[in-house]
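Structure assessment
Here are the chains, one letter per residue:
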Amino acid sequence: MAKLYKEHNVNPAGGCLPMLIQLPILLCLYQVISYPLTFMRNMNDAESWICATKYASEFLANKGTHSMAQIVAAKEAGLINFNLFNGMDLSLVPWQGLNNINLLWLIPIFAGVTTFLSSKLTSASGSKKDKNSDEPEKVKRILNPEDTKQGTSGTDQAQSMTKTMTYFMPLFTVWIAFTYPAALGFYWGLSNVLAILQQIYLNRKYGDKYKEEVAAIEEVKEKERKERKKLKQKRK
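Below, the structure is looked at part by part.

What counts and what doesn't
Residues numbered from 1 in each chain as written. Predicted model: local features only at pLDDT ≥ 70, side-chain atom pairs only at ≥ 80, totals over all residues. Heavy atoms only, no water. Salt bridge = Lys/Arg side-chain N within 4 Å of Asp/Glu carboxyl O. Buried < 20%, exposed > 50% of the residue type's maximum accessible area, 1.4 Å probe, protein only. Helix = DSSP H or I, 4+ residues; strand = E, 2+ residues; numbered from the N terminus. Contact = heavy atoms within 4.5 Å. Polar contact = N/O pair within 3.5 Å; in protein donor to acceptor, adjacent residues only side chain to side chain. Phe/Tyr/Trp six-rings, centres within 6.5 Å; stacked < 30°, edge-to-face > 60°. Core = buried A, V, L, I, M, F, W, Y, C linked by side-chain atoms within 4.5 Å. Arc of directions from axis to C-beta. Patch = residues over 30% accessible without salt bridge, like charges linked within 9 Å, V, L, I, M, F, W, Y side chains within 5 Å. Areas by Shrake-Rupley, 256 points an atom, 1.4 Å probe, with all protein chains shown as cover.

Considerations on the pattern of salt bridges
Summed over all chains, the structure comprises 4 salt bridges. Arginine 225 is the salt-bridge partner of glutamate 218, the closest N and O atoms lying 3.0 Å from each other. The class of arginine 225 is partly exposed, set by a relative accessible area of 28%. Taking the shortest distance from any N to any O, the salt bridge between arginine 225 and glutamate 222 comes out at 2.5 Å.

Right, here's the structure in full:
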């Protein structure tokens, strides 16, 4: 497998890069939503505190955090509109409304379902390469001609890990989307939708090309087998 990666200049850790790129974006998005007066209205600490005490004095009196006071003040002063479709306040945390069913619950569910579909689609595209419809054994032999029990065990382990992550990541995503402002879950869900569309496009664009390459390799192998068979017959 390492030889195959090296031959085709493939970085096995490359699939983690999109996830790593999202982390700083999510952290920055969380800060922007948590401190809207500071980052959206460009207020300094003194100005944001004055605005918070003016419009969110009751919230601060109840020992509320400064970040939540900024959100309340921004909405009460009419400086920022966090509403989505005039029904979802993306600045709120979905779990805070667990006692009453509300539309915000749809965002964590949306983020979790799209995460599952994205992972399932990606793993399915990879499994198709390992289990080509007509000639699974031949494809396996081409891609890994020196297959051993150890190699098979490693493949099974990788598939097991992939399957575990396919079901773990959606649950993790739902938990994050429930415990942080809804805007994070909404962003995560939209990014998953884009990833799904991208994977569908890549599967359609390169799926047939992969089958053609496998067929061409198999044709070459078949010619070599026939030539070896002819040589053996001549020697006899």
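Some remarks on the environment of serine 34
Structurally, serine 34 can be placed in helix α2 (residues 17-34). Taking the C-alpha atoms as reference points, serine 34 and serine 67, separated by 33 residues in sequence, lie 5.1 Å from one another. Once residues lying within four places of it in the same chain are set aside, the contact partners of serine 34 are Ser67, Gln70 and Ile71. Within polar-contact distance, the side chain of serine 34 engages the backbone oxygen of tyrosine 30 at 2.8 Å.

Details of the side chain of aspartate 89
Mapped onto the elements, aspartate 89 comes out in strand β2 (residues 88-89). Side chain to side chain, aspartate 89 and lysine 75 meet in a polar contact 2.7 Å long. If we ignore the near neighbours within four places in the chain, the residues touching aspartate 89 are Lys75, Phe82, Asn83, Leu104 and Ala182.

Notes on the packing of aromatic side chains
With the rule as written, the count across this model stands at 3 aromatic pairs. Residues phenylalanine 168 and phenylalanine 172 carry aromatic rings whose centres are separated by 6.1 Å and whose planes lie at 20° to one another, so their mutual orientation is stacked. Here phenylalanine 168 pairs with phenylalanine 172, and both are found in helix α9 (residues 149-179), just 4 residues apart, close to one helical turn. In this structure phenylalanine 168 comes out as partly exposed when scored by relative accessible area, which is 44%. The partly exposed category is assigned to phenylalanine 172, whose relative accessible area is 33%. Cluster of aromatic residues (ring-pair linked, three or more members): Phe168, Phe172 and Trp175.

Focus on the nonpolar core
Proteins that are soluble and globular tend to have nonpolar side chains buried together. Counting 11 residues, the largest nonpolar core consists of Leu37, Met43, Cys51, Ala52, Ala56, Ala69, Ile71, Ala73, Ala74, Ile80 and Phe82. Of all the elements in the fold, those that place two or more residues in this core are α4 (45-55) and α6 (66-76). In terms of residue count, α6 provides more of this core than any other element does, 4 residues in total. Leu84, Leu90, Leu104 and Ile107 belong to the second largest nonpolar core, which has 8 residues in total.

Describing α4
Considered for burial, the residues of α4 that qualify are Ser48, Cys51 and Ala52. Taken end-on, α4 shows its buried residues confined to a sector of 100°, consistent with a single buried face. Residues Ile50 and Lys54 are exposed on α4 and point more than 90 degrees away from its buried face. In this structure, the buried residues of α4 make contact with α3 (36-39), α5 (57-61) and α6. Regarding α4, its N-cap is asparagine 44, as a side-chain oxygen of that residue lies 3.2 Å from the backbone nitrogen of alanine 46 further along.

Concerning a nonpolar patch on the surface
Taken together, the side chains of Leu103, Leu106, Ile109, Val113 and Leu117 define a hydrophobic patch exposed on the protein surface, amounting to about 440 Å² of accessible area. Turning to its location among the elements, leucine 106 is positioned in helix α7 (residues 106-130). A residue is classified by how much of its surface remains accessible, and leucine 106, at 47% relative accessible area, is partly exposed.

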